[in-house]
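# Residue-level structural notes
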Amino acid sequence: MRRRRTRRLLVRPVARLGSVACSFALAATACTGNPADAPVSASSPPPTPVAASGECGSLTIAYDASNGYEISAFIVGRIAADELGCDVEYVDTTSRQAWRLVASGEADVYLDAFGNTDLQQSLAAPGGPVTILGSNGILGGVDLLAPFFMADRGLNSARDLPDVRRIGWGRTRPSITTIPELLALARAFVESQGLDYAVRDYSQAAEEAGTAQLLEQPRRDDDQGRPNLYLVAGPRQFLGDGPGRQVVDIPESAAESCQPSPAATLCSLDNFRYLKIANSQFAHSDNPAYNLVYNFRLSRVEAGNVLDIVALSGYDVGSADAAAWVNTHRGVWQRWLE
C-alpha cells in the first residue's frame, strides 16, 4: 500500500477484533444480542475546546481505505505532525471496526464515520467510551448503479426491475452486487420490492472490493454489454450518473427491514454526513490534537476540492496527497488549531 512517512508515520492493518468492544458494558448488547435491540440514547455533547497546555505525544487515527476516501485522516495527521509535534500513527481498518478501535482506545479518532447506528447507540451513549464530534463536512449517500445499456432499454427506477427480459438480463440471473458492509441493505431492498434477485458479495469475486471498484464496474459492464446492478455508498460527489453508468431510482422506504449485523455498516438509503468520533478519554484530555479534530470541518467548496484530489489519486490517497492540500490551504486549516 502506498503510504509515506510524516514524522513518525506508521500504518498497521487491524484484524477483526471480535470481543474487543465487549469489554465495555455499554457495548454488551452489540456483542451478545441483536444490535437492533440496543436502546436508543442521545450521545453526550463533546467537550468544548479550551487552550490546551499539554503536549500532543502520540495520535492514532483510524481510517478505512476500502471506501476510496480517507484523505480526512491524512490531512488532520499532517497538520498534527507538522504544527503540533504529534507522533502520528494511522490504523487501516474497516468503517465498522473503527468504532470499536476508538471505543477501546486503540485509536484516538476516526474522521469518516457513517451508518453503524447500533454501535453509535451502544458506544456513544452518555458516559460511553466514544464521543461524537459532529460532521467533517462531507455529504454521503447511496445509489443503485446500472450499466448505461440497461438504462437505455428502460431501466430507470425500481418499478422497472421486475421486467428482467426487457431491461437486458437475458440468461443471466438477476442480481445486485455490493460490498459486505451493504449486503444487509441490499437484501432489505430486494425484499421490500418483492424481487426475484440474488444479492452478491463483490468481495468474493474481486481482489479489491471497495467504493472505487464499484464505481468503475458499471462502465466496464457497459463496454461488454454485461448486465449487472451495484449498490454503492460514498461521498455524494462520487455518485450519480457517470460515463457508462446510470442511477436507478429507488425508494428510501426500501431500507426499513434492514437490520444491523456484525458486518453491516449502513441500514439506510438516506443521504448522510460523515462524522468525527473520538475516544472519550482523549476528548476530555488536554491534548492539543483534540482541538484540531473538534474544529476540523470542510465547507462545501473545500469538500469539493478535497474530493477532487481523491478522484485524481485514483481513489488511493496518501500522506503526500494530503500534504499538497495542506500546503495550499493554510488559511483554511489554521483556524482549526484555535
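For the structure, check the block above.
Residues numbered from 1 in each chain as written. Predicted model: local features only at pLDDT ≥ 70, side-chain atom pairs only at ≥ 80, totals over all residues. Heavy atoms only, no water.

## Structural notes on the overall build of the protein
Scanning the protein from terminus to terminus reveals 12 helices and 10 strands. Each of the 338 residues in the protein was classed as buried or not, and the buried ones make up 56%. For the protein, long-range pairs separated by at least 24 residues make up 77% of all intrachain contacts whose partners lie at least 6 apart in sequence. Counting every atom, the protein has about 14300 Å² of accessible surface; 47% of that belongs to carbon and sulfur. (Helix = DSSP H or I, 4+ residues; strand = E, 2+ residues; numbered from the N terminus. Buried < 20%, exposed > 50% of the residue type's maximum accessible area, 1.4 Å probe, protein only. Contact = heavy atoms within 4.5 Å. Areas by Shrake-Rupley, 256 points an atom, 1.4 Å probe, with all protein chains shown as cover.)

## Describing empty space enclosed by the protein
Tallying each qualifying case throughout the model produces three cavities of 30 Å³ or more. By volume, the largest cavity is sized at about 60 Å³. If you go around the largest cavity, the residues you meet are Asp 64, Ser 66, Asn 67, Ser 95, Phe 114, Ile 179, Glu 181, Leu 182, Thr 211, Ala 233 and Thr 265. Residue composition of the lining of the largest cavity, grouped by class: four nonpolar, five polar and two charged. (1 Å grid on protein atoms, 1.4 Å probe; cavity = no way out; pocket = protein on both sides within 12 Å on 5 of 7 lines; lining within 4 Å. Points joined across faces, edges and corners; volume = space filled by probe spheres on them. Nonpolar A, V, L, I, M, F, W, Y, C, P; charged D, E, K, R; others polar.)

## A look at helix 11 (residues 319-328)
Buried residues of helix 11: Ser 319, Asp 321, Ala 322, Ala 323, Trp 325 and Val 326, and no others. Buried residues along helix 11 sit in contact with helix 2 (71-84), helix 10 (300-312) and helix 12 (330-333).

## A closer look at the state of the cysteines
Defined simply, a disulfide is a covalent bond joining two cysteines at their sulfur atoms. By the definition in use, this model includes two disulfides. Paired through a disulfide, Cys 56 and Cys 86 show a sulfur-sulfur distance of 1.9 Å. One quick way to see it: the torsion about the S-S bond of Cys 56 and Cys 86 is about 110°, and its sign makes the bridge right-handed. Separated by 30 residues along the polypeptide, Cys 56 in the loop between helix 1 (28-32) and strand 2 (58-63) and Cys 86 in the loop between helix 2 and strand 3 (87-92) bring together distant segments of the chain. (Disulfide = S-S within 2.5 Å.)

## Structural notes on the pairing of strand 7 (residues 198-201)
Where strand 6 (residues 175-178) lies against strand 7, four bridges are found, and the strand directions are parallel. When the sheet's bridge partners are listed, Thr 177 is paired in strand 7 with Arg 200. Between strand 6 and its parallel partner strand 7, the chain crosses via helix 6 (residues 183-193), and the hand of that crossover is right-handed. (Pairing = 2+ DSSP bridges. Right-handed = clockwise from strand over helix to strand, strands pointing away.)

## What to know about the environment of Asn 136
Along the chain, the position of Asn 136 falls in strand 5 (residues 130-147). Take Asn 136: its relative accessible area is 0%, and that puts it in the buried class. Asn 136 sits 167 residues away from Ala 303 along the chain, and the two C-alpha atoms are 9.0 Å apart. Within the structure, the side chain of Asn 136 is placed 3.0 Å from the side chain of Asp 112, a separation counted as a polar contact. (Polar contact = N/O pair within 3.5 Å; in protein donor to acceptor, adjacent residues only side chain to side chain.)

## Some points on the environment of Leu 275
Inspection of the secondary structure puts Leu 275 in strand 10 (residues 272-279). A sequence separation of 162 residues divides Leu 275 from Ala 113, and the C-alpha atoms of the two residues are 4.8 Å apart. Excluding residues within four positions of it along the chain, Leu 275 makes contact with Tyr 110, Leu 111, Asp 112, Ala 113, Gln 120, Ile 132, Gly 134 and Ser 135.

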